[in-house]
Amino acid sequence: PPPHHPPPRPPPPAQKPILNAGDGVGEHPTQALLDLFTVATAWAETGAAPPDVLACLAGKQLTLLGDLKHGRTTHSLALLCSRLPAPPPLPPPPAAPP
């Protein structure tokens, strides 16, 4: 018998840019952008304008907690920070116990 509903049509072309939301287990670039903006907002002086992310991060030290080897959000944030004009220093991980 014929289906009751026709197959769904693809959506129309986007009128605005679309950011990649990640590739499954590899990267999560949109989360990294949001995380960096959230940190900059927390460090920014109060005001109505969005913060200047690079100025807010200048001279600051970030500590990333998470699985840098397997965690795609933490890994993506570390990668994003490494590509900033003046990357904030990331402290080395503590030595593993014997």
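This is a predicted model, so every value here is computed, not measured. (Residues numbered from 1 in each chain as written. Predicted model: local features only at pLDDT ≥ 70, side-chain atom pairs only at ≥ 80, totals over all residues. Heavy atoms only, no water.)

Some details on the overall build of the protein
What counts here: Helix and strand assignments follow DSSP, with helices taken as H or I runs no shorter than four residues and strands as E runs no shorter than two, numbered in order from the N terminus. A 1.4 Å probe rolled over the protein chains alone gives each residue an accessible area, and that area as a share of the maximum for its type sets the label: buried under 20%, exposed over 50%, partly exposed in between. Should any heavy atoms of two residues lie within 4.5 Å, those residues are counted as being in contact.
In terms of helices and strands, the protein carries 3 helices and 0 strands. Ordered by position from the N terminus, the helices and strands of the protein form the series α-α-α. For the protein, with 98 residues in total, the buried portion stands at 16%. At a minimum sequence separation of 6, the contacts of the protein that also span at least 24 residues come to 49%.

Focus: the nonpolar core
The condition is simple: To qualify as a nonpolar core, a set must consist of buried Ala, Val, Leu, Ile, Met, Phe, Trp, Tyr and Cys residues joined through side-chain atoms within 4.5 Å.
Counting residues in each nonpolar core, the largest one holds 7 residues, listed as A32, L36, L57, L62, L77, C81 and L84. Of all elements in the fold, only α1 (29-43) and α3 (72-82) reach the threshold of two or more residues within this core.

Some remarks on α3
Taken together, the buried positions of α3 are occupied by T74, S76, L77, A78 and C81. Of the surrounding elements, those touching the buried residues of α3 are α1.

Points about α1
The criterion, for reference: An expected span of 1.5 Å times one less than the residue number is assigned to each helix. The reported arc concerns the directions from the helix axis to the C-beta atoms and nothing else.
For α1, built from 15 residues, the straight-helix expectation of 21 Å at 1.5 Å per residue is met to within 8% by its first-to-last C-alpha distance of 21 Å. Looking only at α1, the buried set comprises A32, L36 and A40. Looking straight down α1, one finds its buried side chains confined to an arc of 70°; they lie on one side.

A word on the packing of α1 against α3
This is how it is decided: Orientation is described by lines fitted to C-alpha atoms, with helices fitted over the stretch in contact, and by angles between N-to-C directions that extend from 0 to 180 degrees. Put simply, angles under 35 degrees are roughly parallel, angles over 145 are roughly antiparallel, angles from 65 to 115 are roughly perpendicular, and the rest are oblique. By the definition used in this description, the sense in which the near helix is turned from the far one sets the handedness, with an anticlockwise turn below a right angle giving left-handed and a clockwise turn giving right-handed. Classes in brief: Ala, Val, Leu, Ile, Met, Phe, Trp, Tyr, Cys and Pro nonpolar; Asp, Glu, Lys and Arg charged; the others, Gly included, polar.
At a minimum axis distance of 8 Å, the contact between α1 and α3 shows a crossing angle of 65°. Looking at the two axes, α1 sits roughly perpendicular to α3. Note on packing geometry: the crossing formed by α1 with α3 is right-handed. The residues of α3 that touch α1, namely those facing P29, Q31, A32, L33, D35 and L36, are T73, S76, L77, L80 and C81. Looking at the contact of α1 with α3, its residues break down into 7 nonpolar, 3 polar and 1 charged.

Things to note about the environment of A86
In this fold, A86 is placed in the segment after α3. Each C-alpha atom, one on A86 and one on G59, is 9.0 Å from the other, the two residues being 27 residues apart in sequence.

Side note on the side chain of S76
Just so we agree on the cut-off: Definition of a polar contact: a pair of N or O atoms within 3.5 Å, with one able to donate and the other able to accept a hydrogen when the atoms are protein atoms, and with sequence-neighbouring residues admitted only if both atoms are side-chain atoms.
Looking at the secondary structure, you find S76 in helix α3. Taking relative accessible area as the criterion, S76 reaches 4% and is therefore assigned buried. A distance of 2.7 Å separates the side chain of S76 from the backbone nitrogen of H28, its partner in a polar contact. Setting aside its immediate chain neighbours within four residues, S76 contacts E27, H28, P29 and A32.

Observations concerning the environment of L79
Relative to the helices and strands, L79 resides in helix α3. Given the relative accessible area of 31%, L79 is considered partly exposed. Here the alpha-carbon distance between L79 and P29, two residues 50 residues apart in the chain, equals 9.1 Å.

Geometric descriptors of this kind do not, in isolation, establish any biological role.
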